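Observations on the model geometry
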Amino acid sequence: MDKLYVIITGAEHCGTTFLSQIIYSIPEVYSAFETGLLLSNNFRGCTPFCQWIHENHRNHWGVPKKIDFFDKKLTFDDKYKLLFEHKGGGDSFVQNMMRDSPVIVDKTPAYIRNLQFVRKNSKNIPIIITLKSSGDMFISYVVKRKMDLSVFVDYLNQLMNTMHWIHREKPKNLYVFNYRNIIRPGFGNTLKGILPDMINLKEVDINHENFRKRCGENKYHNAGWKKTQPPKRTMIPMKLKEKLITYDRLLKEITSQTTKIVNKLNIEYESKFQNP
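Attention in this report is confined to the structure presented alongside it. (Residues numbered from 1 in each chain as written. Predicted model: local features only at pLDDT ≥ 70, side-chain atom pairs only at ≥ 80, totals over all residues. Heavy atoms only, no water.)

1. A word on the pairing of strand β3 (residues 127-131)
- Extensive coverage of β3 is indicated by the burial of five of its five residues.
- Burial along β3 is two-sided: I127, I129 and L131 facing one way and I128 and T130 facing the other are all buried.
- Relative to strand β4 (residues 174-178), β3 is paired through five bridges, and the arrangement is parallel. Within the sheet, the bridge partner assigned to I128 lies in β4 and is Y175. (Buried < 20%, exposed > 50% of the residue type's maximum accessible area, 1.4 Å probe, protein only. Helix = DSSP H or I, 4+ residues; strand = E, 2+ residues; numbered from the N terminus. Pairing = 2+ DSSP bridges.)

2. Observations regarding the side chain of Q95
- Its place among the elements puts Q95 in helix α4 (residues 93-100).
- Of the polar contacts made by the side chain of Q95, one reaches the backbone oxygen of N56; its length is 3.5 Å.
- In this structure the side chain of Q95 is engaged in a polar contact, spanning 3.2 Å, whose partner is the backbone nitrogen of G89.
- Once you skip the residues sitting within four places of it in the chain, Q95 turns out to touch N56, R58, H60, W61, G62, G88, G89 and G90. (Polar contact = N/O pair within 3.5 Å; in protein donor to acceptor, adjacent residues only side chain to side chain. Contact = heavy atoms within 4.5 Å.)

3. Some points on the state of the cysteines
- All told, the structure shown has zero disulfides when counted by the stated rule.
- Between C46, a cysteine without a disulfide, and C50, which holds the nearest cysteine sulfur, the sulfur-to-sulfur distance is 7.0 Å.
- Judged by its relative accessible area of 6%, C46 falls in the buried class. (Disulfide = S-S within 2.5 Å.)

4. Examining the pattern of salt bridges
- As enumerated under the stated definition, the model contains five salt bridges in all.
- Here E34 ties to K107 by a salt bridge, and the two come within 3.9 Å at their closest N and O atoms. One end of the pair, E34, is in the loop between α1 (16-23) and α2 (49-52); the other, K107, is in strand β2 (residues 104-107), and 73 residues separate them in sequence.
- On the basis of relative accessible area, K107 is assigned to the buried category, the value being 5%.
- For K123, the salt bridge goes to D77, with nearest N and O atoms at 2.9 Å. Here K123 is found in the loop between α5 (115-120) and β3, whereas its partner D77 is found in helix α3 (residues 76-86), with 46 residues between them in sequence.
- Since its relative accessible area comes to 57%, K123 is described here as exposed. (Salt bridge = Lys/Arg side-chain N within 4 Å of Asp/Glu carboxyl O.)

5. Topic: the sheet that holds strand β1 (residues 4-10)
- Spatial ordering of the open sheet is given by β2-β1-β3-β4, a layout of four strands whose pairing is parallel. Edge positions in the open sheet fall to β2 and β4, since each of these has one partner strand only. On average, each strand axis in the sheet is tilted by 20° relative to the strand beside it, whichever way the strands run.
- Across the sheet, α1 lies against β1, β2 and β3, angled at about 155° from β1, the strand it touches most. (Axes fitted to C-alpha atoms, helices over the stretch in contact; angles between N-to-C directions.)

And the structure:
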């Protein structure tokens, strides 16, 4: 996995695409849509990811169909090596950027559902997670996308199980951020202490605006991301409020845990450039 730069995951519609675009403001770094490679040892059963990896339109990986990811003898290292060697097989602005990138950024929201397996099999590659607060989650899923309330509660329970594991085990090189912090100006540069040193970031300004300048809204279909305004009034059912309070308390605990670690890492990062 020597070419795997960082793993990005989190609940769907919680800013994983925006976060990956912040990373893509680093010159030459660019990757495609979700890989799903770390979801299971059996990639054949990882639909639709096992189809998407071969598509070359818009923002997919463009790996030729003759490249076999299904061989049971392949390790996760082998699969990422195949991906790196054959990515960007199409002929477009996006495919060219992807092909020229010296690293892979694996942005797959579905990893949050099986995070322990992902952490176990990713060799301590940095995993950056974005999650929304309960109120923002409720707006994204129930209000905007009309998700059934029982389905929403089940999903919250899944997330909370994962969050409890993070809080309890404190897995190495795993960082959780609140979506509202990720969209703040200047957030990208706080990642310098997290990201591997295979790329020199000293003079790089990591921010979404630089990504937009690099790609242009006409060349990349999500470059024109805009923050959406929530409804002015959102009525949350009383029976759900206690669970949402518990979720928010847990989110605050694990993001605070991340903040302490990241602050320390950034101090160490900055000290490398100070004159003796």
